[in-house]
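Results of the structural survey
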Amino acid sequence: MNDKLVFLGLLYFVQGIPYGLQSSLLPVYLRGAGHSLTRISLTKALFFPWVLKVLWAPLVDRAGTKRRWLVGTVTGLAMTCLASASLSPDAQFLGVAGALLAMNVLASVQDIAADGAAVRLLRGQGELGLGNTVQVVGYKAGSVFAGGGLLAVIDVAGWGWMFTLLACVYGGVALFVWGAPILDGELSKPAGEGRRASKDALRPWRVWRKLMSVPGTPWTVLYVLTYKLGEQGAMSMFPLFLLDHHMTSRELGFWNGIIAMGFSIAGSSIAGLLLSQHSIGLIMRRVFVMRTVGMIFQSSLLTILEPSPLMKGMSVLSMSAQHFLGGLITTLTFTVMMHCTQRAEESIQATHYSFLATLEVLGKLSFSALAGGLVDSVGFAIAYLLFFTLSAISALHVWKATLTGPLKEPVNTTSHAEK
């Protein structure tokens with residue numbers, strides 16, 4: 001592995017830490033502290049800065065250098081972790097929420113700078129393929145480290161120690177980026193470029209019509225907003241069902257935070273291999289049907305309330321399968337998004353792709369933020385019926401598109417993997 005891939009892998013590793021904290025560690029920790037599912041689900045709204053990323057992307061792209069943006073954001077993450085170490089999530093919920101919101105703002109800006117650095121550094125199809133793989137593995141490894149590894153030891157080490165460790169990790173990465181020779185030669189952008197980027201960020205409607213006129217964009221917009229709805233609801237609520245009935249937080253940290261995420265990484269990686277051998281339409285039809293069948297199996301486990309080794313085994317199997325299919329589907333989705341963007345004129349391609357990526361994040365977060373309130377109101381059984389229905393509708397939407405719509409023709413682009 002060359003210096004470029006090590007550099008990018010480290011950046012995406014630390015970028016995945018806030019996601020792991022909020023998606024795996026925080027829900028289990030807060031549930032153990034007695035917080036309601038509604039409050040836990042509402043913490044998903046803290047991911048909202050990722051939805052706004054497209055607004056400040058022109059500023060990051062045109063002002064300063066990638067090194068300065070990266071060092072500044074990673075240093076800010078280190079300082080935020082130090083502040084979080086002094087908080088108590090049991091008694092200072094709003095303080096913890098504010099710290100996590102700050103982490104998401106900083107991580108979303110870091111994402112723009114890291115993507116820009118990757119575009120500048122990677123050359124040739126071989127490097128691009130390896131770079132995308134490093135992005136997937138690095139981001140998800142950071143998520144596993146924070147959501148699985150730290151959850152497994154937090155009962156022993158404590159909240160303060162955990163965030164102090166994270167501050168040290170971020171601080172070390174900031175020093176590494178500051179001295180990294182592969183970013184040498186960057187030139188600072190003129191001040192006028194930054195002011196022009198700020199104006200662009202305040203008037204995004206100027207390019208709205210151009211974006212929506214790109215062939216396939218209306219279908220892709222609807223798809224990225226809805227393809228994860230049922231899956232996200234199930235993935236966020238099923239571990240909490242197991243915590244209430246069958247497993248301890250340490251067991252969930254291992255099986256859901258580490259093992260299941262390993263299957264997600266495997267799914268994302270295998271998608272690239274499948275795309276080199278089959279059309280994306282054929283793959284998506286089969287995978288979406290498999291995900292819907294998996295939802296039926298997982299829903300049936302809700303009827304078994306008595307803890308047993310068999311129930312734990314089936315639960316682990318279900319979570320692993322859903323994460324594997326989820327990782328595979330996400331990589332396929334980014335391929336569809338890139339294929340759609342390639343139809344746009346070159347002057348708006350970067351904005352077009354950021355627009356689709358922002359909607360993809362919005363679609364995932366909007367429903368998962370409401371899933372806990374839905375379960376508190378109607379119970380797991382009825383909520384899972386809705387999750388299954390949404391998954392089935394998404395499968396039908398994809399099936400139709402692969403036969404008569406935008407996905408009818410094979411997509412032969414290189415996948416820009418999930419971060």
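Residues numbered from 1 in each chain as written. Predicted model: local features only at pLDDT ≥ 70, side-chain atom pairs only at ≥ 80, totals over all residues. Heavy atoms only, no water.

**Focus on the overall build of the protein**
Helix and strand counts for the protein stand at 16 helices and zero strands. Within the protein, the proportion of its 419 residues that are buried is 53%. (Helix = DSSP H or I, 4+ residues; strand = E, 2+ residues; numbered from the N terminus. Buried < 20%, exposed > 50% of the residue type's maximum accessible area, 1.4 Å probe, protein only.)

**So, the pattern of salt bridges**
In this structure the tally under the stated criterion is two salt bridges. Glu231 is paired through a salt bridge with Lys228; the nearest N and O atoms lie 2.5 Å apart. Measuring nitrogen to oxygen at the nearest pair gives 3.0 Å for the salt bridge that ties Arg291 to Glu231. Of the two residues, Arg291 is situated in helix 13 (residues 280–301) and Glu231 in helix 11 (residues 229–245); the sequence distance between them amounts to 60 residues. As far as burial versus exposure is concerned, Arg291 and Glu231 are alike and both buried. Bridged by salt links that share partners, the residues Lys228, Glu231 and Arg291 form one connected network. (Salt bridge = Lys/Arg side-chain N within 4 Å of Asp/Glu carboxyl O.)

**Some details on helix 11**
Given a rise of 1.5 Å per residue, 17 residues ought to cover 24 Å, and the 25 Å separating the end C-alpha atoms of helix 11 matches this to within 8%. By the criterion of burial, helix 11 is predominantly enclosed, with 15 of the 17 residues buried. (Expected span 1.5 Å × (residues − 1).)

**Quick look at the nonpolar core**
Within the largest apolar cluster, 68 residues are counted, with the highest numbers of intra-cluster contacts made by Phe7, Leu21, Phe163 and Tyr170. Among residues more than four places away in sequence, those in contact with Phe7 are Leu70, Leu121, Phe176, Val177, Ala180, Ile182 and Leu183. Counting residues in each nonpolar core, the second largest holds 29 residues, with Val224, Ile283, Leu325 and Leu332 among its members. (Core = buried A, V, L, I, M, F, W, Y, C linked by side-chain atoms within 4.5 Å. Contact = heavy atoms within 4.5 Å.)

**So, the side chain of Thr292**
By secondary structure assignment, the location of Thr292 is in helix 13. Setting aside residues no more than four positions away along its own chain, Thr292 makes contact with Phe388, Ser391, Ala392 and Ala395.

**Observations regarding the packing of aromatic side chains**
All told, the structure shown has eight aromatic pairs when counted by the stated rule. An angle of 40 degrees between the planes, with centres 6.2 Å apart, marks the rings of Tyr19 and Tyr139 as tilted. Of the two residues, Tyr19 sits in helix 1 (residues 3–32) while Tyr139 sits in helix 6 (residues 124–157), which places them 120 residues apart along the sequence. Their ring planes at 5 degrees and their centres at 5.1 Å tell us that Trp219 and Tyr223 sit as a pair that is stacked. Residue Trp219 and its partner Tyr223 are both found in helix 10 (residues 217–226); the two are separated by four residues, about one turn of the helix. Three or more aromatic residues joined by ring pairs make a cluster, and in this case those are Trp219, Tyr223, Tyr227 and Phe288. (Phe/Tyr/Trp six-rings, centres within 6.5 Å; stacked < 30°, edge-to-face > 60°.)

**Let's talk about the environment of Met212**
The topology assignment puts Met212 in helix 9 (residues 208–212). For Met212, a relative accessible area of 25% translates into the label partly exposed. Measuring from C-alpha to C-alpha, the distance between Met212 and Ala344 comes to 9.8 Å, with 132 residues separating the pair along the chain. Leave out the neighbours within four places in its chain, and Met212 touches Thr217, Pro218, Val221 and Phe355.

**Side note on the state of the cysteines**
Applying the stated criterion across every chain, the model contains zero disulfides. Distance from the sulfur of Cys81, which forms no disulfide, to the nearest cysteine sulfur (Cys168) is 9.8 Å. Overall, Cys168 belongs to the exposed group, its relative accessible area being 54%. (Disulfide = S-S within 2.5 Å.)

**Thoughts on a nonpolar patch on the surface**
Judged by side-chain polarity, Val289, Val293, Trp399 and Leu403 come together as a nonpolar surface patch covering roughly 350 Å² of accessible area. Mapped onto the nonpolar patch, the elements with two or more residues apiece are helix 13 and helix 16 (380–404). (Patch = residues over 30% accessible without salt bridge, like charges linked within 9 Å, V, L, I, M, F, W, Y side chains within 5 Å. Areas by Shrake-Rupley, 256 points an atom, 1.4 Å probe, with all protein chains shown as cover.)

**Comments concerning the packing of helix 1 against helix 7 (residues 159–179)**
The geometry of helix 1 relative to helix 7 is characterised by a closest axis approach of 10 Å and an angle of 165 degrees between their N-to-C directions. In terms of axis orientation, helix 1 runs roughly antiparallel to helix 7. Helix 1 and helix 7 meet at a crossing whose hand is left-handed. Contact residues: Phe7, Leu10, Leu11, Val14, Ile17, Pro18, Leu21, Leu25, Leu26 and Tyr29 in helix 1; Trp159, Met162, Phe163, Leu166, Val169, Tyr170, Val173, Phe176 and Val177 in helix 7. (Axes fitted to C-alpha atoms, helices over the stretch in contact; angles between N-to-C directions. Parallel < 35°, antiparallel > 145°, perpendicular 65-115°, else oblique. Left-handed = near helix turned anticlockwise from the far one by under 90°.)

**Remarks on the packing of helix 4 (residues 66–85) against helix 7**
Closest axis-to-axis distance for the helix 4/helix 7 pair is 8 Å, and the angle between their directions is 165 degrees. It follows that helix 4 is roughly antiparallel to helix 7 by the angle criterion. Like other packed secondary-structure pairs, helix 4 and helix 7 cross with a definite hand, here left-handed. When its residues are assigned to classes, the contact of helix 4 with helix 7 shows 17 nonpolar, six polar and one charged. (Nonpolar A, V, L, I, M, F, W, Y, C, P; charged D, E, K, R; others polar.)

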